[in-house]
Amino acid sequence: MPLSRALYLGLFFLWAGPAAAHPGHKAPEGHFHVFAAPAPGRPETVEMGACVGDKAPAKSAAELAKPPVYEHKTAADKITDEELKIWEQLGYKLDKKTGQLSRPQGQLETAAMVTWLGDPFNAASEKLPAFVWMGVHGQGYRLEEATCRLVNAKKEAVTRLELKVYEWWVGRSSELMAVQSLHAALAKLDPSKPVPPDITQRVRQLQSAQMQLPDGLEKQLLEAKNVKDALAAVDKAHEASLRFWDGMMPLNELQKAAQPAVLGYGQAGQKTYFDAAEARLSHALRQDVLKLFAGNGPGSELMSRFKDKKGVVQLPRITIWKVSQRPDDPGYGRSAAFYDSSQDAIVVNYWAITQGVINAAPETERKRLSKELADPKKLTAYLEANPAARQAFVEATDLTLYHELTHAWQARRSKASVEQTRGNLPAANPVEEEHEAFRDEYRYFHAKIMANPQKYLNDPHMSSYLGMLSNYDEFRDGITRMYLSNFGGTSDFPTIKTMQDNRRGIFDRFPGWAPGSWLRNALRKQGMKLGDQALAQAETDSKKRTKEFEVEWGKMRKEAGPRLIAVYEKAGEPHKALLAGVGLGGALPASELDRLERATLKQIAGLKDDSFQKVQRWEVLEKAYDLRGKDMDPKLDKTRRADYSAVVRGYLNMLHDNPAHPEKAGIVEWAKTYALKSDDKDKLLEEIRKAEATKR
Amino acid sequence: MRPLLAAALLLAGCSRPPQAPEGKAVYSDKAARFSLHGPADWRVMEEQGGAHRVTFFGPPPAVESIAVYRHDKGGPGGDAQAYLAGQSLGGKSFARKLEVKGKPARELVVEKKAPVMHGKGGELLRQRTVVLEDEKGFWALVHTAPASQPSSAVFEDSLQSFSARD
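Residues numbered from 1 in each chain as written. Chains lettered and ligands numbered in written order. Predicted model: local features only at pLDDT ≥ 70, side-chain atom pairs only at ≥ 80, totals over all residues. Heavy atoms only, no water.

Chemist: An account of the pattern of salt bridges is requested, with residue identities and associated values reported.
Modeler: Residues and elements named next belong to chain A. Tallied over the entire structure, the rule returns 60 salt bridges over all chains. The partner of arginine 326 in a salt bridge is aspartate 329, with the nearest N and O atoms 3.0 Å apart. Accessibility assignment for this pair places arginine 326 and aspartate 329 in one class, buried. Between arginine 368 and glutamate 372 there is a salt bridge, with its nearest N and O atoms 2.7 Å apart. On the criterion of helical spacing, the pair formed by arginine 368 and glutamate 372 is a turn pair, its members being four residues apart in helix 16 (residues 363–372). With a relative accessible area of 41%, arginine 368 lands in the partly exposed category. Given the relative accessible area of 29%, glutamate 372 is considered partly exposed. When salt bridges with common partners are traced through the structure, they connect Glu619, Glu622, Asp637, Arg640, Arg641, Lys677 and Asp679 into a single cluster. (Salt bridge = Lys/Arg side-chain N within 4 Å of Asp/Glu carboxyl O. Buried < 20%, exposed > 50% of the residue type's maximum accessible area, 1.4 Å probe, protein only. Helix = DSSP H or I, 4+ residues; strand = E, 2+ residues; numbered from the N terminus.)

Chemist: Tell me what's going on with the environment of A:Ala522, and back it up with residues and numbers.
Modeler: As for its placement among the helices and strands, A:Ala522 is situated in helix 25 (residues 517–570). Counting along the chain gives 268 residues from A:Ala522 to A:Leu254, while the straight-line C-alpha distance between them is 9.7 Å.

Chemist: Account for the side chain of A:Ser542, naming residues and giving values.
Modeler: With respect to the secondary-structure elements, A:Ser542 resides in helix 25. Setting aside anything within four residues of it in sequence, one finds A:Ser542 in contact with A:Glu432, A:Arg439 and A:Phe493. (Contact = heavy atoms within 4.5 Å.)

Chemist: Just give me the short version of the interface of chain B and chain A, but keep the residues and values in it.
Modeler: Of the residues lining the interface, 51 residues belong to chain B; the matching set on chain A comes to 64 residues. Taking both sides of the interface into account, the surface hidden between chain B and chain A amounts to around 4800 Å²; carbon and sulfur atoms contribute 57%. The interface formed by chain B and chain A includes zero salt bridges. Taken together, the links from chain B to chain A amount to seven residue pairs in polar contact (both at pLDDT 80 or more). When residues of the side of chain B that touches chain A are traced back to their parent elements, those giving at least two are strand 3 (43–46), strand 4 (52–57), strand 5 (65–72), helix 2 (80–87), strand 6 (91–100), strand 8 (124–134) and strand 9 (137–146) of chain B. Looking at the side of chain B that touches chain A, its residues break down into 27 nonpolar, 17 polar and seven charged. (Buried area = accessible area lost by both parts, 1.4 Å probe. Polar contact = N/O pair within 3.5 Å; in protein donor to acceptor, adjacent residues only side chain to side chain. Nonpolar A, V, L, I, M, F, W, Y, C, P; charged D, E, K, R; others polar.)

Chemist: Account for helix 2 of chain B, with residues named and values stated.
Modeler: Counting buried residues along helix 2 of chain B, eight of its eight residues qualify, which places the element largely inside the surrounding structure. Listing the buried residues of helix 2 of chain B in full gives B:Ala80, B:Gln81, B:Ala82, B:Tyr83, B:Leu84, B:Ala85, B:Gly86 and B:Gln87.

Written out as structure tokens, the structure reads:
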């Protein structure tokens, strides 16, 4: 039962782990859908593979709990001294006299369980928590589909015991993130006031994001009389967590961390691939990305940022693996990709892209591929061998790749991420970096549209793009809301500063009199000072870039309006042209809006009895009239109201024909909305209520 | 995000800060251009650029937010009409006129889907925007919450307590 050294060494990176594994990052928005869009011809669905934990286990829990208990002297699978350290870390104790192993709760462990834990993890019948699955992959392990084992580059399979201890370490790391976040939240409140419900909700959210709290802290928070008591409990837990991690930091690491940071630290030493096939695909994908982005202004600008001193573009690695064991696992299960700064790698999620690869293949090959590509290694081989499939993949995921490459650029340009990795700053993800990555990917998208608007007319990114152009402030707040709702490690520069100050306050309490302590304290202080500087610089840099974008945003709005309007008009969709005009607010002259309104009205008149199509256009016209503070001509208004009545009648007929319509709730909602805009709203609303109540 | 309480009160430059109800704090921006009541325990992001002044973010998992924006005349976002029309994009909307502390204001309620980002999102949001115009431009106060959630009273208090320096 050898302990995998790579995994063990990897544990030390958990000090900064959650930050290094920068959660973040792309919205599969579009890509998930675009690339998995229904294929022309017969669709084939990718198979899940055999390693999703749904098979019956070889041994049941009851069998593993059966005596005899483990006896060290006679055991066939004897625990080695090295392994014993792991057992002890998990709270087990080996009685030297009896040779028996007791669990943390005191019961004796069975021989069967010791053997089972020492055997390799089997993904066919066992399920791993999403963060453990992802973390172990980040340490260089990959799923071997044929055996359902997680193996390293030397083909050593990870054991259940190793995974258990890894989970324990990740738990300790997430504890630190959780308490530092709670500490910052409580520190700003009036100590004499009761603990606000927000704090307990925040605890729940941390837990749902698979971040754990130290034992007993949740109860203390719930029972705290006031903020002062809650803060005292959190402060104590924070101190305990910092002491634990500080104790893990060897003096020489502290010494290194007190030296000025080198940009790119944390990315340099670990550029190893799992195998040659992964390396070859990464190389090919990077060439494809370079080629694709070269033809786009913001794309080539981003590529130039990765140039080394010799002028050669050095992009991060691009690898594809199952980011979670199953596609519907929490966390990153549905993400298209993320950037891992500790590995300097963009990880593309197998689950998010494979369907798209199959859809893009010739129809005759899809059935075979749906089975074959259930193995991620075969997907790697397929993409390597098929430049056309690779190109289709890169083109369909270009916004995702742009977004993740922006994070890679952020990690390379800023010392803040280096200082997080060195423990000189708290591990947390500033949402400002997400704002930048999202707005920049839309700068890239904008350039694509301006070059060929016809091509991207129905692109699923279009509505977000128009939203961003229409109101960037709202777009940015939406990003913050999404990150705060879903990712426990989300923070922002000022809050990270508060966390840093809280840490400093705790470290100042560490005794300086013990031998060696004064040196550790001095080094830590020096390191944190470097962290402060890096954070301040990152914040200043972020503000500067935001200001620059404000100017560019105005230009983008001015450019986009006429181009989009022209192309929508050419496509015979004047209402969409008008909508684009409305979205760009004051960027368009009144004469243009007049013209588009007239064209839309003309189209409405031509639609005759198609009231569903008509109301879509009326809604756009209403927005355009709102924009200009115009009242509608009474004659037009009458026609409009009649069309709304007609569409409600259409909905009512649908419900009459099928009272249990599968989309009944949506139909009722829309019918009510349109009824309010009609002349006979009271009568229609009454009829809708009756239809709503009719079951069969 | 910055602490709300003490710092905000100091920055407000008020000799006697107005009292906030239980669970609320009086927020004033650094330049003391405006103040309002904000939930004391919500996260705060300030001056993120452009017209943005402040946003309060509620507790997860269904984060609601209250944001304040200031648009000066001639700015890139256009006038209040254009702003409201932009807000109404992508969803069902209802507009009405109302009074806030005796002054005329305009309100727009929009229901629209949150963009899908990172595999999350897509839920239906209700966004209530109130625009308060003055000679030099307008303030926009925007409350965003999941449409499935009953309307909370927090925004009403923020709106009624909103005060801008002339």
